Amino acid sequence: MRPSPLFSGFFYCVLGVFFTIFAIQNVNDHGWGFFAFILVFLATLDFGSGIRMIMLHFRIKRKLNESKKK
């Protein structure tokens, strides 16, 4: 069974928060190295995917409600 886009979106956002926290800790410990940029890049991708999935959930929900009214 596939997870709903809402669940996937929240999961991606949580991953983005974790990658952001790890990136902040890495920058505080070692400065802006290659690994810090990778963590920031991964956090950006996860936040973008999470927001897109949440928007997809509400778009699908709106389309289903419009089709029920007709």
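Worth saying up front: this structure is predicted, and the values here are computed from it rather than measured.

A. Seen up close, the overall build of the protein. In terms of helices and strands, the protein carries two helices and zero strands. Compactness check: the protein gives a C-alpha radius of gyration of 17 Å against a globular reference of 11 Å for 70 residues, more than 25% above the reference. C-alpha atoms of the protein, sized along the principal axes, occupy 60 × 20 × 15 Å. Per-residue burial for the protein yields a buried fraction of 19% across its 70 residues. Within the protein, counting contacts between residues at least 6 apart in sequence, those at least 24 apart form 71% of the total.

B. Main features of the packing of helix H1 (residues 5-30) against helix H2 (residues 34-69). Packing of H1 against H2 brings their axes to within 7 Å, and their N-to-C directions diverge by 160°. Viewed along their axes, H1 and H2 adopt a mutual orientation that is roughly antiparallel. The crossing of H1 and H2 is left-handed. Split into classes, the residues belonging to the contact of H1 with H2 amount to 23 nonpolar, eight polar and one charged.

C. Examining the side chain of His 57 more closely. With respect to the secondary-structure elements, His 57 resides in helix H2. The class of His 57 is buried, set by a relative accessible area of 19%. When near neighbours in sequence (up to four residues on either side) are disregarded, His 57 contacts Pro 5 and Leu 6.

About the thresholds
- What you see as residue numbers is a count from 1 along each chain, following the sequence as written.
- Only residues with pLDDT of at least 70 are given local features in this predicted model, and only at 80 or more are side-chain atom pairs given and counted; all residues enter the totals for whole chains, interfaces and linings.
- Neither water nor hydrogens contribute to the side-chain values; these are computed over all heavy atoms in the structure.
- Secondary structure elements are defined from DSSP: runs of H or I of at least 4 residues count as helices, runs of E of at least 2 residues count as strands, and each element is numbered from the N terminus.
- Atoms counted for the radius of gyration: C-alpha only. Globule rule: 2.2 Å times the number of residues to the power 0.38.
- Think of it in three bands: residues with accessible area under 20% of the maximum for their type are buried, residues over 50% are exposed, and the middle band is partly exposed, with areas taken using a 1.4 Å probe on protein chains only.
- By definition, residues are in contact when any of their heavy atoms lie within 4.5 Å.
- Axis angles are defined between N-to-C directions and span 0 to 180 degrees, where every axis is a line fitted to C-alpha atoms and, for a helix, only to the segment in contact.
- Any angle between 65 and 115 degrees counts as roughly perpendicular, while under 35 counts as roughly parallel, over 145 as roughly antiparallel, and the rest as oblique.
- Crossings are sorted by hand: turned counterclockwise from the far helix by less than a right angle, the near helix makes the crossing left-handed, and turned clockwise it makes it right-handed.
- Gly is put with the polar residues, along with every residue not named as nonpolar or charged; the nonpolar set is Ala, Val, Leu, Ile, Met, Phe, Trp, Tyr, Cys and Pro, and the charged set is Asp, Glu, Lys and Arg.

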